[in-house]
Amino acid sequence: MATPYVTDETGGKYIASTQRPDGTWRKQRRVKEGYVPQEEVPVYENKYVKFFKSKPELPPGLSPEATAPVTPSRPEGGEPGLSKTAKRNLKRKEKRRQQQEKGEAEALSRTLEKVSLGETAQPPSAPQGSRAAPAAASDQPDSAATTEKAKKIKNLKKKLRQVEELQQRIQAGEISQPSKEQLEKLARRRALEEELEDLELGL
């Protein structure tokens, strides 16, 4: 930003007085003849920088019209200015993408068909081979249920072990005043044992 100078009747230059934010005034300052403020001093450029700035962009004798860029007509299947290999690669990518989308659509339609076939009820006159297939499928949920029961039994045994350890620690005197949660754990022991018995009988 250029410094605002004020010239008086004698021809002397001054920097005008300005007001500070607190309301007081800065006095005007006299500027010596030939003084250039720091922000107005041009940036120093050595001879090499000056040479490269003055150097013409085009070789001597070449007219700017000859170098005007010719707008290439866009080829049918690709971006302007691409080499043959780049165009070929672009076509391959496009083809691969289309095949992938097509494959995803087919997979989706197949899964939908399976779901719709699974939901429709089988007619009573279905052959024996088709009846055997659902029976095999029903075995899978049973195995899943047994693994679920086994997990529950394992979990209950672990809880019972923790209750027994807690009771032993209380009897040994390690815990003089058991907390509310510890007392609740001890009170649940009988219920845990009953649940474990029921599950083991169910297996």
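Calculation notes
- Residues numbered from 1 in each chain as written.
- Predicted model: local features only at pLDDT ≥ 70, side-chain atom pairs only at ≥ 80, totals over all residues.
- Heavy atoms only, no water.
- UniProt positions renumbered as here; feature names shortened; annotations may be inferred.
- Helix = DSSP H or I, 4+ residues; strand = E, 2+ residues; numbered from the N terminus.
- Pairing = 2+ DSSP bridges.
- Axes fitted to C-alpha atoms, helices over the stretch in contact; angles between N-to-C directions.
- Salt bridge = Lys/Arg side-chain N within 4 Å of Asp/Glu carboxyl O.
- Buried < 20%, exposed > 50% of the residue type's maximum accessible area, 1.4 Å probe, protein only.
- pLDDT = per-residue confidence, 0-100.
- Expected span 1.5 Å × (residues − 1).
- Arc of directions from axis to C-beta.
- Core = buried A, V, L, I, M, F, W, Y, C linked by side-chain atoms within 4.5 Å.
- Contact = heavy atoms within 4.5 Å.
- Patch = residues over 30% accessible without salt bridge, like charges linked within 9 Å, V, L, I, M, F, W, Y side chains within 5 Å.
- Areas by Shrake-Rupley, 256 points an atom, 1.4 Å probe, with all protein chains shown as cover.

Identification of the chain as PYM homolog 1, exon junction complex associated factor from Canis lupus dingo is taken from an unreviewed UniProt entry. Taken from UniProt, the Sequence similarities (unreviewed entry) comment for the chain reads in full: "Belongs to the pym family."

## As for the UniProt feature "domain: WIBG Mago-binding" (unreviewed entry) in the chain
The sites that carry the UniProt feature "domain: WIBG Mago-binding" (unreviewed entry) are, in the present numbering, residues 11–37. The span residues 11–37 is 0% helical and 22% strand by assignment, and the distance between its end C-alpha atoms comes to 19 Å.

## Concerning the sheet that holds strand E3 (residues 29–31)
The strand order across the open sheet formed by 3 strands is E1-E2-E3, and the pairing between neighbours is antiparallel. A single partner strand is all that each edge strand has here, and the edge strands are strand E1 (5–7) and E3. In this sheet, adjacent strand axes meet at a mean angle of 40° when their direction is disregarded. Where strand E2 (residues 13–15) meets E3, 3 bridges bridge the pair, whose relative direction is antiparallel. By the bridge assignment, lysine 13 is partnered in E3 with valine 31.

## Remarks on the pattern of salt bridges
Per the counting criterion, the structure on display carries 8 salt bridges. As a salt-bridge pair, glutamate 101 and arginine 97 come within 2.9 Å of each other at their nearest N and O atoms. Taken together, the residues glutamate 101 and arginine 97, both in helix H2 (residues 84–119) and 4 residues apart, mark about one turn of the helix. Accessibility expressed as a relative area gives 40% for arginine 97, which makes it partly exposed. One salt bridge connects glutamate 174 with arginine 169, and the closest N-O pair in it is separated by 3.6 Å.

## Comments concerning the confidence of the model for the chain
Low-pLDDT portions of the prediction should not be read for the details of their coordinates. Per-chain confidence: the chain averages 77 in pLDDT, with 77% of residues scoring 70 or above. The lowest-confidence element of the chain is helix H3 (residues 128–172), averaging 74 in pLDDT; the highest-confidence one is helix H1 (residues 47–54), averaging 86.

## Things to note about helix H5 (residues 189–202)
Given a rise of 1.5 Å per residue, 14 residues ought to cover 20 Å, and the 20 Å separating the end C-alpha atoms of H5 matches this to within 8%. Those residues of H5 that fall on the buried side of the exposure criterion are Leu192, Leu196 and Leu199. Looking straight down H5, one finds its buried side chains confined to an arc of 65°; they lie on one side. Looking at H5, the residues exposed on the side facing more than 90 degrees away from the buried face are Asp198 and Leu201.

## Some words on the nonpolar core
Across soluble globular proteins, nonpolar side chains show a tendency to be buried alongside one another. In terms of nonpolar packing, the biggest core is built from 7 residues, these being Ile153, Leu156, Leu160, Val163, Leu192, Leu196 and Leu199. Elements that contribute at least two residues to this core include exactly H3 and H5. Among the elements that line this core, the one with the most residues is H3, at 4 residues. Discounting chain neighbours no more than four positions away, the residues touching valine 163 are Lys185, Leu186, Arg189 and Leu192.

## Quick word on a nonpolar patch on the surface
A contiguous nonpolar surface patch, about 390 Å² in accessible area, is contributed by Tyr48, Phe51 and Phe52. Residue position: phenylalanine 51 is located in helix H1.

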